[in-house]
Amino acid sequence: MQALHTVAVTRPWHWGIAILSDPSLGGEIPEVDPKARVSASSNGVVVLVRHAQDVESFEDDFDWAEATVTIRHWSAAPETEADRTVVFEGVLATPTGRLWLGDADEEVVMTGLSTETALRVLSPSDDLDSPDHVWVDVWES
């Protein structure tokens, strides 16, 4: 099975979180539990990602650490890749059929979803605490 649509964002995440929510419900996201990889409610999901300041050193030319968040829209629940661990699975309200991905710095919006969207968050199995890459699979619930 092939994803219907994919959006990937690679950048420094200065807050160390990626927020997923319908744009109309952005003010209703859950509070972040810093001990949990994912904080979630039916109105929003907050995923911990590599913090921009999580770099090896501050010597010479400073570069922010980056992380990639990839959202893949599927027609049905996809199989989970062997090298990834599911860190959250649930259903998200998407009344406008759109999914907002971002933080206080910037955002992108995926369109074409149903009013309720099943969602699965995955991390590399060997990088669960502060992942450089997070995958979010979505499909109609």
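Each remark here, short or long, concerns the structure printed above.
What you see is a predicted model; the values in this text were computed from it and never measured.

**What to know about the side chain of Ser 123**
1) Next: Tracing the sequence through the fold places Ser 123 in strand E9 (residues 116-124).
2) Next: Here Arg 37 takes part through its side chain, which lies 3.0 Å from a polar atom of the side chain of Ser 123.

**Thoughts on the pairing of strand E2 (residues 17-21)**
1) Next: Here E2 lies mainly inside the structure; five of its five residues are buried.
2) Next: On E2, burial covers both faces: Ile 17, Ile 19 and Ser 21 on one face and Ala 18 and Leu 20 on the other are all buried.
3) Next: Where E2 lies against strand E7 (residues 99-102), three bridges are found, and the strand directions are antiparallel. When the bridges of E7 are listed, Ile 19 appears paired with Gly 102.

**A look at the packing of aromatic side chains**
1) Next: A full pass over the atoms with the stated rule returns zero aromatic pairs.
2) Next: Over the face of the ring belonging to Trp 13 we find Arg 11, whose NZ or CZ atom lies 3.8 Å from the ring centre.
3) Next: When the ring centre of Trp 135 is taken as reference, the NZ or CZ atom of Arg 84 above it lies at 3.6 Å.

**Some thoughts on the sheet that holds E2**
1) Next: Spatial ordering of the open sheet is given by E3-E4-E2-E7-E8, a layout of five strands whose pairing is antiparallel. Each edge of the open sheet carries a strand with a single partner, namely strand E3 (38-41) and strand E8 (107-110). For this sheet, the mean angle separating the axes of adjacent strands, direction not counted, is 15°.

**Digging into empty space enclosed by the protein**
1) Next: All chains considered together, the criterion is met by one cavity of 30 Å³ or more.
2) Next: Lining the largest cavity are Val 9, Arg 11, Trp 13, Leu 101, Gly 102, Glu 106, Glu 107 and Val 108.
3) Next: Those elements that provide at least two residues to the lining of the largest cavity are strand E1 (5-11), E7 and E8.
4) Next: Residue composition of the lining of the largest cavity, by class: four nonpolar, one polar and three charged.

**What to know about the sheet that holds E1**
1) Next: Across the sheet, which stays open at both edges, the five strands sit in the order E1-E5-E10-E9-E6 with mixed pairing between neighbours. Only two strands of the sheet have a single neighbouring strand rather than two, namely E1 and strand E6 (84-93). On average, adjacent strands in this sheet sit at an angle of 15° to one another, irrespective of strand direction.

**Brief notes about the pattern of salt bridges**
1) Next: Following the criterion strictly, the structure yields nine salt bridges and no others.
2) Next: A salt bridge links Arg 50 to Asp 54; its shortest N-O distance comes to 2.5 Å.
3) Next: Residue Asp 54 is classed as partly exposed on the basis of its relative accessible area, which comes to 35%.
4) Next: With a closest N to O distance of 3.0 Å, Glu 81 and Arg 84 form a salt bridge.
5) Next: Judged by its relative accessible area of 25%, Glu 81 is partly exposed.
6) Next: Accessibility expressed as a relative area gives 17% for Arg 84, which makes it buried.

Cut-offs applied
Residues numbered from 1 in each chain as written. Predicted model: local features only at pLDDT ≥ 70, side-chain atom pairs only at ≥ 80, totals over all residues. Heavy atoms only, no water. Helix = DSSP H or I, 4+ residues; strand = E, 2+ residues; numbered from the N terminus. Polar contact = N/O pair within 3.5 Å; in protein donor to acceptor, adjacent residues only side chain to side chain. Buried < 20%, exposed > 50% of the residue type's maximum accessible area, 1.4 Å probe, protein only. Pairing = 2+ DSSP bridges. Phe/Tyr/Trp six-rings, centres within 6.5 Å; stacked < 30°, edge-to-face > 60°. Lys NZ or Arg CZ within 6 Å of the ring centre and 35° of its normal. Axes fitted to C-alpha atoms, helices over the stretch in contact; angles between N-to-C directions. 1 Å grid on protein atoms, 1.4 Å probe; cavity = no way out; pocket = protein on both sides within 12 Å on 5 of 7 lines; lining within 4 Å. Points joined across faces, edges and corners; volume = space filled by probe spheres on them. Nonpolar A, V, L, I, M, F, W, Y, C, P; charged D, E, K, R; others polar. Salt bridge = Lys/Arg side-chain N within 4 Å of Asp/Glu carboxyl O.

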